[in-house]
Amino acid sequence: MALLRKINQVLLFLLIVTLCGILYKKVHRETALRNETDDDSEPPEEMEEEIPVVICAAAGRMGAAMAAINSIYSNTDANILFYVVGLRNTLSRIRKWIEHSKLREINFKIVEFNPVVLKGKIRPDSSRPELLQPLNFVRFYLPLLIHQHEKVIYLDDDVIVQGDIQELYDTTLALGHAAAFSDDCDLPSAQDTNRFVGLQNTYMGYLDYRKKAIKDLGISPSTCSFNPGVIVANMTEWKHQRITKQLEKWMQKNVEENLYSSSLGGGVATSPMLIVFHGKYSAINPLWHIRHLGWNPDTRYSEHFLQEAKLLHWNGRHKPWDFPSVHNDLWESWFVPDPAGIFKLHHHNS
């Protein structure tokens, strides 16, 4: 009897030792797996940097945004995150266009812009009503729409990108500068400037120097203006300098005092930016903003020059999806047909 009890004790001891060994192995294996997983996800700095590109998709010209997106995505290996901004009634159409076309592979977020933020800040102007569309002011509110990025690219919808967008993203912003733009004096040559009759490239073309508030700025009317259709922005500096609040202040002052007008120059969105960013912006490589393609349907750039351009901008009244326009063949090569069949190209005489 005593022998049987002893055997049972030995068997119990062996069982306990075996169980301990199994448990040790299991815990050790799980720890090792957890460490391997941690190791795999550890170095975020080695992950490919995400390049945020903000572009607006307006109801009547949504095909413009889709062509721009297609040109950007097709000409780079960079990791692009498109922020496609629209008004509430267009969001489902934007998603359908992207998801039911060749753009379905892109990485994107659809962002709603609420025009209520503009209430009381826009002066009605009948000369070019299209410039008063709410999405024209999205560029003023970048930090409200984009949260987790330090550096952001904003592009107007009437552009085509022919270069690698990584180059534009790598634009150096000087210390204390919240944004980089292209100077309007950076046209290819004086000869090209002369061909664009009536084109404004100084502050005089955008601000009313008869008004005291403009005179008091102390900015020479012959100062070279810049075009805010292509922006590389530093969100930290933008917030630190309260750029959005400054822009809103000048919008409100214009409502009260009519300091600038879209009939003077390129539009109501440009003028407040010229004031707020005066002497405090970095330069974008001129080839990254070849513009005025929509200025005059009778004025053309040389084909060689257009091939060298990294970005083409049809700013002006004559858009490449309409008639008359110039160099529309370059734009149409990136056009993505509307799955809903709403947006249609007008036939051009190229």
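Not measured: the values here are computed from a predicted model. (Residues numbered from 1 in each chain as written. Predicted model: local features only at pLDDT ≥ 70, side-chain atom pairs only at ≥ 80, totals over all residues. Heavy atoms only, no water.)

A. Examining the overall build of the protein chain more closely. Broken down by element type, the protein chain carries 12 helices and nine strands. For the protein chain, the residues scored as buried account for 47% of the 350 residues in total. Carbon and sulfur atoms make up 54% of the accessible area of the protein chain, which totals about 18,100 Å². (Helix = DSSP H or I, 4+ residues; strand = E, 2+ residues; numbered from the N terminus. Buried < 20%, exposed > 50% of the residue type's maximum accessible area, 1.4 Å probe, protein only. Areas by Shrake-Rupley, 256 points an atom, 1.4 Å probe, with all protein chains shown as cover.)

B. Main features of the pattern of salt bridges. Taken as a whole, this structure holds 16 salt bridges when the rule is applied. Here K212 makes a salt bridge to D216, at a shortest N to O gap of 2.6 Å. The exposure classification of K212 matches that of D216, with both residues exposed. One continuous salt-bridge network, built from bridges that share partners, spans R61, D157, D158 and K319. (Salt bridge = Lys/Arg side-chain N within 4 Å of Asp/Glu carboxyl O.)

C. Examining the pairing of strand β2 (residues 79–86) more closely. Extensive coverage of β2 is indicated by the burial of seven of its eight residues. With seven bridges joining them, strand β1 (residues 50–56) and β2 adopt parallel strand pairing. What sits directly across from C56, in β2, is V85. Crossover connection from β1 via helix α2 (residues 62–74) to parallel β2: handedness right-handed. In this sheet, strand β3 (residues 108–112) lies alongside β2 in parallel orientation, the contact comprising five bridges. Paired with Y83 across the strands is K109, a residue of β3. (Pairing = 2+ DSSP bridges. Right-handed = clockwise from strand over helix to strand, strands pointing away.)

D. Structural detail: the pairing of strand β4 (residues 151–155). Of all five residues that make up β4, four are buried, and the element is covered over most of its length. Here β1 pairs with β4 via three bridges, running parallel. Following the sheet pairing, V54 is matched in β4 by Y154. Taken together, the five bridges between β4 and strand β7 (residues 226–234) define a ladder with antiparallel strand orientation. Across the sheet, L155 pairs through a bridge with V230, a residue of β7.

E. Representation of the nonpolar core in the model. Ranked by internal contacts, the top residues of the largest apolar core, which has 51 residues, are V53, M66, F82, I153, L155, I165 and L168. In terms of residues, this core owes the most to one element, α2, which gives eight residues. With residues up to four places along the chain from it excluded, the contact list for M66 reads I94, W97, I98, L103 and V336. (Core = buried A, V, L, I, M, F, W, Y, C linked by side-chain atoms within 4.5 Å. Contact = heavy atoms within 4.5 Å.)

F. Representation of the sheet that holds β2. Across the sheet, seven strands lie side by side as β3-β2-β1-β4-β7-β6-β8; this open sheet has mixed pairing. The sheet terminates laterally at β3 and β8 (282–283), the two strands that pair on one side only. Against the sheet, α2 engages β1, β2 and β4, with an angle of about 160° to β1. Taken strand by strand, helix α3 (residues 91–99) contacts β2 and β3, and its axis lies near 165° from that of β3. (Axes fitted to C-alpha atoms, helices over the stretch in contact; angles between N-to-C directions.)

G. Seen up close, helix α9 (residues 243–257). With 15 residues, α9 extends 21 Å between its outermost C-alpha atoms, agreeing within 8% with the 21 Å of an ideal straight helix rising 1.5 Å per residue. Every buried residue belonging to α9 is among I243, T244, L247, E248, W250, M251 and N254, and all of these are buried. Viewed end-on, α9 has its buried residues packed into an arc of 165°, placing them on one side of the element. Exposed residues on α9 whose side chains face more than 90 degrees from its buried face are K245 and E256. If you follow the buried residues of α9, they end up packed against α4 (142–145), α7 (212–215), α8 (235–240) and α10 (270–276). Following α9 by one or two positions, N258 adopts a phi angle in the positive range, close to 50°. (Expected span 1.5 Å × (residues − 1). Arc of directions from axis to C-beta.)

H. Geometry of the packing of aromatic side chains. Applying the stated criterion across every chain, the model contains 12 aromatic pairs. Ring centres of F113 and Y141 lie 5.9 Å apart, and the angle between their planes is 45°; on these two criteria the pair is classed as tilted. Placement of the pair is F113 in the loop between β3 and α4 and Y141 in the loop between β3 and α4, with a sequence separation of 28 residues. For the residue pair F113 and Y141, the accessibility class agrees, reading buried in each case. The interplanar angle of 55° and the centroid separation of 4.6 Å between the aromatic rings of F226 and Y281 together place this pair among those described as tilted. With F226 in strand β7 and Y281 in the loop between α10 and β8, this residue pair connects regions lying 55 residues apart in the sequence. In terms of burial, F226 and Y281 fall into one category: buried. In this arrangement the basic side chain of K151 is found over the ring face of Y169, its NZ or CZ atom lying 5.2 Å from the centre. It is K253 that lies over the ring of W250; its NZ or CZ is 5.6 Å from the centre. (Phe/Tyr/Trp six-rings, centres within 6.5 Å; stacked < 30°, edge-to-face > 60°. Lys NZ or Arg CZ within 6 Å of the ring centre and 35° of its normal.)

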